[in-house]
Amino acid sequence: MGYDDISEELTNYIDTVKEDVVTGKISLLELELNPIFDQLKESLSIYNIFNYSQTYEKACDLLALKFEELKNLLNHLDNDEIFLNFLKSKPSDIEIEQVLGNCWRKVFHLESISPEFMIYSNHRFSKDRLITEKIDHVRKEPVGGSFLLEIPRQKFTEKMLDFYEHIKNKLPCKFDKLFDEFQDQMEIYESFVYILHLLQIGKITYEKTTNIVRYKNE
Amino acid sequence: MNEISIIMHLLSRRVNLHEFGASEDELLRYLNIKGKNKHIYLKKLIIDLSNYIEPLGYYVKFNPLNFYWYLSVNSEISNMFKTNPFEGHPSLAATLFCTLTCCLKNEGYTQIQEIIKLRKKKTLSEDLKELAKKGYLLIDHKNNEIRLTPLIGYQLDLNQLFMKLALINNETTSKN
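The rules we used
- Residues numbered from 1 in each chain as written.
- Chains lettered and ligands numbered in written order.
- Predicted model: local features only at pLDDT ≥ 70, side-chain atom pairs only at ≥ 80, totals over all residues.
- Heavy atoms only, no water.
- Helix = DSSP H or I, 4+ residues; strand = E, 2+ residues; numbered from the N terminus.
- Buried < 20%, exposed > 50% of the residue type's maximum accessible area, 1.4 Å probe, protein only.
- Contact = heavy atoms within 4.5 Å.
- Pairing = 2+ DSSP bridges.
- Axes fitted to C-alpha atoms, helices over the stretch in contact; angles between N-to-C directions.
- 1 Å grid on protein atoms, 1.4 Å probe; cavity = no way out; pocket = protein on both sides within 12 Å on 5 of 7 lines; lining within 4 Å.
- Points joined across faces, edges and corners; volume = space filled by probe spheres on them.
- Nonpolar A, V, L, I, M, F, W, Y, C, P; charged D, E, K, R; others polar.
- Buried area = accessible area lost by both parts, 1.4 Å probe.
- Salt bridge = Lys/Arg side-chain N within 4 Å of Asp/Glu carboxyl O.
- Phe/Tyr/Trp six-rings, centres within 6.5 Å; stacked < 30°, edge-to-face > 60°.
- Disulfide = S-S within 2.5 Å.

(A) Layout of the overall build of chain B. What chain B contains, in helices and strands, is nine helices and eight strands. Burial status across chain B gives 45% buried among its 176 residues. A fraction of 51% describes how many contacts in chain B between residues 6 or more apart in sequence connect residues 24 or more apart.

(B) Region of interest: the sheet that holds strand S6 (residues 109-111) of chain B. All names here are of chain B. Strand order in this open sheet of three strands is S6-S8-S7, and the pairing throughout is antiparallel. Pairing within the sheet leaves two strands with one partner each, and these edge strands are S6 and strand S7 (137-140). Direction aside, the axes of adjacent strands within the sheet are offset by 20° on average. Inspection of the sheet shows S7 paired to strand S8 (residues 145-148) by four bridges, in the antiparallel sense. When the bridges of S8 are listed, Leu138 appears paired with Arg147. Contacts from helix H6 (residues 112-119) reach S6, S7 and S8, with the element oriented near 75° to S6.

(C) Main features of the layout of surface pockets. Within this model, the second largest pocket holds a volume of roughly 160 Å³. Classifying every residue of the lining of the second largest pocket by side-chain character gives three nonpolar, three polar and three charged.

(D) Main features of the environment of A:Leu100. Along the chain, A:Leu100 falls in helix H5 (residues 93-101). Given the relative accessible area of 2%, A:Leu100 is considered buried. In this structure A:Leu100 touches B:Ala93, B:Phe97, B:Leu156 and B:Leu161, once residues within four positions along its chain are discounted.

(E) Fine view of the interface of chain B and chain A. On the side of chain A, 31 residues touch chain B, which itself brings 51 residues to the contact. Both sides together, the interface formed by chain B and chain A hides about 4100 Å², and carbon and sulfur atoms give 70% of it. Among the salt bridges present, the one from B:Lys36 reaches A:Glu57, with a minimum N-O distance of 2.8 Å. For the side of chain B that touches chain A, the secondary-structure elements that each account for two or more residues are helix H1 (3-11), strand S5 (68-73), helix H4 (75-80), helix H5 (90-105), H6, helix H8 (151-155) and helix H9 (158-175) of chain B. No other element matches the 11 residues that H5(B) contributes to the side of chain B that touches chain A. Its residues placed into classes, the side of chain B that touches chain A shows 29 nonpolar, 13 polar and nine charged.

(F) Region of the structure containing the packing of aromatic side chains. For the structure shown, the criterion picks out 15 aromatic pairs over all chains. Ring centres 5.3 Å apart and planes at 70° place the aromatic pair A:Phe175 and A:Phe179 in the edge-to-face group. Take A:Phe175 and A:Phe179: they sit in the same class, and that class is buried. Taken together, the ring pairs in this structure connect A:Phe83, A:Phe86, B:Phe97 and B:Phe162 into an aromatic cluster.

(G) Inspection of the state of the cysteines at higher detail. Residue and element names in this part refer to chain B. Within the structure shown, the criterion is met by zero disulfides over all chains. Here Cys102 stays unpaired: no disulfide links it, and the sulfur of Cys98, its closest cysteine neighbor, is 6.7 Å away. Overall, the relative accessible area of 2% leaves Cys102 in the buried class.

(H) Up close: the sheet that holds strand S3 (residues 212-215) of chain A. Residues and elements named next belong to chain A. Read across the open sheet, the three strands follow the order S1-S3-S2; overall the sheet is antiparallel. The two strands at the open ends of the sheet, each matched to only one other strand, are strand S1 (173-174) and strand S2 (204-207). Bridge count between S1 and S3: two bridges; the pairing is antiparallel. Within S3, the position partnered with Lys174 by the bridge is Ile212.

Below, the structure is given as structure tokens:
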């Protein structure tokens, strides 16, 4: 699809049409405006959009003018004559009521969704409400005589060195062997932490390939 | 709340006894639509809303008597609601019809005498009082004048009525 810039051409055409309408040469009601809008649509692209804005505006003005002409035409239709002609046939009251019969329409109106309700609700909901926060002070519970914080009897280093002395005789050995005598998970975990620290300070070494733990000096 | 919600609120409100909805200026003001293309933008919003609510049996309509936009219910649903305000009161319907005929000739107002002449009745004071009470017209006792309120433009589908009358006239003409 080609995107030729025909905006100037279209603008000139619209100007000519307007001139002809003003001078009374043509009536807009007899002129099809679709081709103008079709050409605008077909030749418009992102590359020529700036040139087209004025053309589009002029085409819309022309369309508005056409609507105006149509409005004038409708206003000049003899609506009152239609009413009078009907009354000339001397219809009865019931016949008149029947003519009006199907023409009644219900206006959609609900008080609950009217702006008055919206404004009323807005006033009600947008009020600042002062909520007094009640602060309950926490009561201090009396400390029972049996409550004592458990403190380990030995320091960590001492416990770690005790563990070192304990496994010293087993070394070198497989890593798993060091946990053989422990059944409790907590004890296994505690021993593992000691081994990590002993590795850290260089008291023992670990060979990943053989899975053997040794003295550092070996 | 988006534009459509605001328009729905404005179009469904009752302004007074004989007015519903909102004028174009009010819609523009409430929606804060400004600029060169404000009218085009508003029309687009109204069309979008109308398309959106059409499957539900509602329409956005324009009352040519006071230039207000409002929400209306389509004919099928209207028939379900018994919307005819003069059911069982044909005399009132006929008086309103004659008033409408006279007012159409005189840009919305007419002399009471003209209606009486058209109705071929001695007096219409009761009918006119009743119609005024219902909100369809205002009586100017001082000048003996009647003025139509915009209410009839909301409740009566004037286009449909014109079409119906045109068809009746055509039938009568072809018979003659």
